[in-house]
Amino acid sequence: MSLTSGVPVGSCDLSIVVPAFNEGRNIETLTERLEPILDGLAASWEIVFVDDGSRDDTLERIRALAAKDRRIRAVSFSRNFGKEIAIAAGLDHAGGRAVVIMDADLQHPPEIIPEFVARWRQGIAVVYGVRMDRNGDGLVRRKLTESFYRLFAAAGETPLPPGAGDFRLLDRKAVDALRAMGERARFSKGLYAWIGFPSVGVPFMVAERAEGVSKFTFRRLFTFAFDGITSFSTLPLRVWTWVGVTISFFAILAALFYLVRTAIMGIEVPGYASLIVSVMFFSGVQLISLGVIGEYVGRIFAEVKRRPLYIVGESVGFDETVQELPRPALVRRPA
Ligand code: UDP
Ligand code: MG
């Protein structure tokens, strides 16, 4: 049996993993709404909060709840590592035979979880929530999101089910598969799709955020989008070969044309405008392609440093005497 910092795997039926960054005002409401549902669903359950370096009273509130109820636990990061990493940590610390990931802000209705579990009990390893509307998101963000997913589909080798997000139930097999992927630039939506397994979507209405504000600024969303594309596609790297080939082809044609024309009509002095335009254009193309390579090299650099994904500052409700075991390796090198 493998252990994740103090929690034997299979120690309970159902784990709920909740990444939380400055969600102090939502913790209690969420727990109150979850508890009766979980009691009716599983003989044993746990809620694993991942406090992603919150600067408000998130951790204190979780501590207070954990003191009253041993089924509530938390890992708290030493700083903000981002939602994707928080999810990874939650999966590392969840012992359930099935794990549900959900947001802390009550946008993911706990009332859908019984449906997730019912599907799981029918033998489906991954049950994901499909969001029915994004109206709460604002027009600009919605349009940008749409174009990102279109781009991802066009460039990607991994098709994503439309409308699927982090709100989902994962069987232990799927959790272990995800934990075996040690990459730092974690684009969870791509990882969920990449691991495969029989999956089914359950539609749900996205609720309004209960308290607080969205933690995803446009800058964060752009980084997220870049991570997504570069983790799952090499097309942006390869496309330059074809751009280069096409441009060179036209350059040869132009050279031939000028050669023939000079031979027939003699030397012509004008041509300054076309020269400057083409110099600028091709410098631009070269800089763009260098930039794209830079994006990838930067990410390769981040990966080869092999830093831990996250640093736990404090854990609440876990048995500290049991040693943490390494993440599972699905692919082992032959000895
Ligand atoms: N979150 C996190 N770390 C971050 C940003 C967000 O753990 O750096 C959590 C946040 O507390 C929430 C979930 O991720 O539980 C979704 O975040 P949010 O509601 O801000 O995003 P949105 O719903 O606007 O996509
Ligand atoms: Mg939200």
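Residue indices begin from 1 for each chain and proceed along its sequence in written order. Chains and ligands are labelled by the order in which they are written, letters from A for the one and numbers from 1 for the other. For a predicted model such as this one, the threshold for reporting local features is a pLDDT of at least 70, and the threshold for listing and counting side-chain atom pairs is 80 or more; totals across whole chains, interfaces and linings nevertheless cover every residue. Side-chain measures were taken over the full set of non-hydrogen atoms in the model, leaving aside hydrogen atoms and water.

**Q** With reference to specific residues and values, describe the pairing of strand S3 (residues 12–20).
**A** For a regular strand, side chains alternate in direction, first toward one face of the sheet and then toward the other. The buried label applies to any residue whose accessible area, calculated with a 1.4 Å probe on protein chains only, is under 20% of its type's maximum; exposed applies above 50%, and partly exposed to all values in between. Under the DSSP-based scheme used, a helix requires at least four consecutive residues in state H or I and a strand at least two consecutive residues in state E, with every element numbered from the N terminus. Among the nine residues of S3, nine are classified as buried, and the element is accordingly described as predominantly covered. In the sheet, S3 pairs with strand S6 (residues 96–101) via five bridges, with the strands oriented parallel. Paired with Ile 16 across the strands is Val 100, a residue of S6. With its strands directed away from the observer, a crossover is right-handed exactly when the path from the first strand over the helix to the second travels clockwise. For the handedness criterion, the β-α-β arrangement of S3, helix H1 (residues 24–41) and strand S4 (residues 45–51) is classed as right-handed. At least two bridges found by DSSP between two strands is the condition for calling them paired.

**Q** Describe the packing of aromatic side chains, naming the residues involved and giving the relevant values.
**A** Any pair of Phe, Tyr and Trp rings, taking the six-membered ring for Trp, is counted once the centres come within 6.5 Å. Such a pair is stacked with planes under 30 degrees apart, edge-to-face with planes over 60 apart, and tilted for the rest. This structure, assessed with the given rule, holds 14 aromatic pairs. Residues Phe 77 and Phe 81 carry aromatic rings whose centres are separated by 5.2 Å and whose planes lie at 80 degrees to one another, so their mutual orientation is edge-to-face. No difference in accessibility class separates Phe 77 from Phe 81, as the two residues are buried. Ring geometry for Phe 249 versus Phe 250: centroids 5.7 Å apart, planes at 70 degrees, classification edge-to-face. Pair check on accessibility: Phe 249 and Phe 250 agree, each one exposed. Criterion for a charge above a ring: Arg CZ or Lys NZ at most 6 Å from the ring centre, at most 35 degrees from the ring normal. The side chain of Arg 73 reaches across the aromatic face of Phe 318, ending 5.8 Å from its centre.

**Q** A description of the environment of Val 316 should follow, citing residues and the corresponding values.
**A** For Val 316, the position within the fold is in strand S10 (residues 312–316). Separated by 243 residues in sequence, Val 316 and Arg 73 place their C-alpha atoms 5.4 Å apart. Note on contacts: a residue pair qualifies if any of its non-hydrogen atoms lie within 4.5 Å across the two residues. Not counting chain neighbours up to four residues away, the residues in contact with Val 316 comprise Leu 59, Arg 63, Ala 66, Arg 73 and Ala 74.

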